[in-house]
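Structure assessment
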Amino acid sequence: MDKKKLRSQQWFGKKGKDGFIYRAWMKNQGIPAHELQGKPVIGICNTWSELTPCNAHFRELAESVKHGIYEAGGFPVEFPVMSLGETLIKPTAMLYRNLVSMDVEESIRANPLDGVVLLCGCDKTTPALVMGAASVNLPTIVVSGGPMLTGKYRGHDISTSDVWRFSEAYRAGKMSDEEFYVAEACMARSRGHCAVMGTASTMACMVESLGLSLAENAAIPAADSRRKVLAHLSGSRIVDMVREDLKLSDILTPTAFENAITVNAAIGGSTNFIIHLLAIAARIGVKLDMDDFNTSVKNIPLLANLQPSGDYFMEDFFYAGGLPALMKELDGSLNRDTITVSGKPMSANYETAECFNRKLISTVDEPFNVVAGITVVKGNLCENGAVLKPSAASAELMQHTGKAVVFENIEDYKAKIDDPNLDVDATSVLVLKNVGPKGYPGMPEVGNMAIPKKLLEQGVTDMVRISDGRMSGTGFGTVVLHVSPEAAVGGTLAVVQDGDIITLDVPAGILNIELSDEEIAERKSKLTVLPNLSNRGYTYLYQNHVQQAHLGADFDFLRGGSGSEVLRDSH
Ligand code: FES
């Protein structure tokens, strides 16, 4: 590529005072002059943080990326962005996804970068980084951090989904304090993100199936040396992508989104996939809506036997052939010619792959479940839609009518769920309000409400549960999520009362409350607007600008992008 065309040369290639300033301060790091004389400058956008345990190995991973960049003749510059540790951050990491995306977008645009490597792992770090980078649209490649090794507890393989099982056993008195405590260390025994097909693994599969990473990115364990090899190769590849001017918008085409949706169904991916993919599509200008996710219409079966929908873990998935082996089975349903970051068609990522274990990856003819993906339901309780993951739900609850037991907010839920006097039975429908994007704010993963203790003691393991919140990708149950419009903006969910009759019909795609339009309107006319949680700072910005779940819960002013041009030049 002509050196003058490198974006970074607008800084480092300048003569006079400006060029002096741009180069001189870089040289204080011991950088020789030739590194700044026309080599592609590659930013390594790093979400390393000791407060994000899933990403705590990323400084080491960045070193492997740098080796690859140097090898290909580029010049690497690593920079930090805000990181989101799913387990520690309060009130919920989702509140800050859009903030991180702004950090990423502005950091990339404002600096002398020609291409970017995104290092992401824990749930929200992946969509936040892709969203931000999409709004700038430079050549970009993703390197995921990789899953943890499978946990081992008393002879059993365990991971994050077992937290919910252990918790129910503990509440029911079937697990002691000591057993519960010991299980902690047994579960998280290596670097990496959650080892099930939760949101982090779903996001890693999403970037690979969108074509944003090299093949095999999704499943190589974080502790496996091949993860570093992948990082090295990605570093080399991004330099060539800059030379080829292969930008994010060349990769993130409508057919790439179709591929990601198809793959997500076959892996039993998290419901969070919908909200993040909608937000990414809106940033890059691809039209996508809730109905595009109804993979049940396309008859995509479940091909991966991974928790929480199945039995195994990401480490096993990798040894069985990983995502390339699964995508090979899906070949007839994929857009083979869609270009990926490799510069080659998507089919090149998987056509030589092999499956080494049919217990993990099935054929299309003999799938683990004919029911897969995410079902979008609509009705007078969710005019703009709501979602449910059938493979993680109970077959006998797919068509269910029951009386509502209503929790007005998270505090009301916590106060009442284990109350022995709660008027609830196994046929009831649990309804949780005001946990949506605006109402909580930040749409936390509380949608898979606990089964009331008195029902747990009777052996009840699943119930229909409905909310405007989200669910952890590691969670399971007959859980209707992302109800839009949410209660806090006056959706019908806001007027549900104890005893109202609710019908869920998953095969028909329906979620209805048995109330007339007049009754709903009458109840809505009496609603009072809840005050914002905060009248200053980021939370104030969030509550005033977050869009509803069916629009990806992005800020209204962040849709689309501003490209890589810098608005003003102060030097
Ligand atoms: Fe980070 Fe699960 S807590 S991926």
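One can find the structure itself at the top, above this paragraph.
First, a word on what this report is: a plain description of the structure on this page.

Rules and cut-offs
- Residues numbered from 1 in each chain as written.
- Predicted model: local features only at pLDDT ≥ 70, side-chain atom pairs only at ≥ 80, totals over all residues.
- Heavy atoms only, no water.
- Salt bridge = Lys/Arg side-chain N within 4 Å of Asp/Glu carboxyl O.
- Helix = DSSP H or I, 4+ residues; strand = E, 2+ residues; numbered from the N terminus.
- Buried < 20%, exposed > 50% of the residue type's maximum accessible area, 1.4 Å probe, protein only.
- Contact = heavy atoms within 4.5 Å.
- Expected span 1.5 Å × (residues − 1).

Attention now moves to the pattern of salt bridges. Counting across every chain of the model gives 35 salt bridges. Between R165 and D162 there is a salt bridge, and its shortest N-O distance comes to 3.5 Å. Taken together, the residues R165 and D162, both in helix α6 (residues 161-171) and three residues apart, mark about one turn of the helix. Between K378 and D291 there is a salt bridge; the shortest N-O distance is 3.3 Å. Of this pair, K378 sits in strand β7 (residues 375-379) while D291 sits in the loop between α12 (272-284) and α13 (314-319); the two residues are 87 residues apart in sequence, bridging distant segments of the chain. Three or more residues joined by partner-sharing salt bridges are found here, namely E86, D123, K124, E445 and R470.

Within the element layout of this structure, A488 appears in the loop between β12 (479-484) and β13 (501-505). Overall, A488 belongs to the partly exposed group, its relative accessible area being 22%. Sequence separation between A488 and P531 is 43 residues; the distance between their C-alpha atoms is 9.6 Å. Not counting chain neighbours up to four residues away, the residues in contact with A488 comprise N434, K438 and G439.

Let us now look at helix α8 (residues 199-210). Because an α-helix completes one turn every 3.6 residues, residues spaced three or four positions apart along the sequence face the same direction. The end-to-end C-alpha distance of α8, which contains 12 residues, comes to 16 Å, matching closely the 16 Å that a straight helix rising 1.5 Å per residue would cover. Counting buried positions along α8 gives 12 out of 12 residues, so the element sits mostly inside the fold. Those residues of α8 that fall on the buried side of the exposure criterion are T199, A200, S201, T202, M203, A204, C205, M206, V207, E208, S209 and L210. G211, located one to two residues past α8, shows a positive phi value of around 90 degrees.

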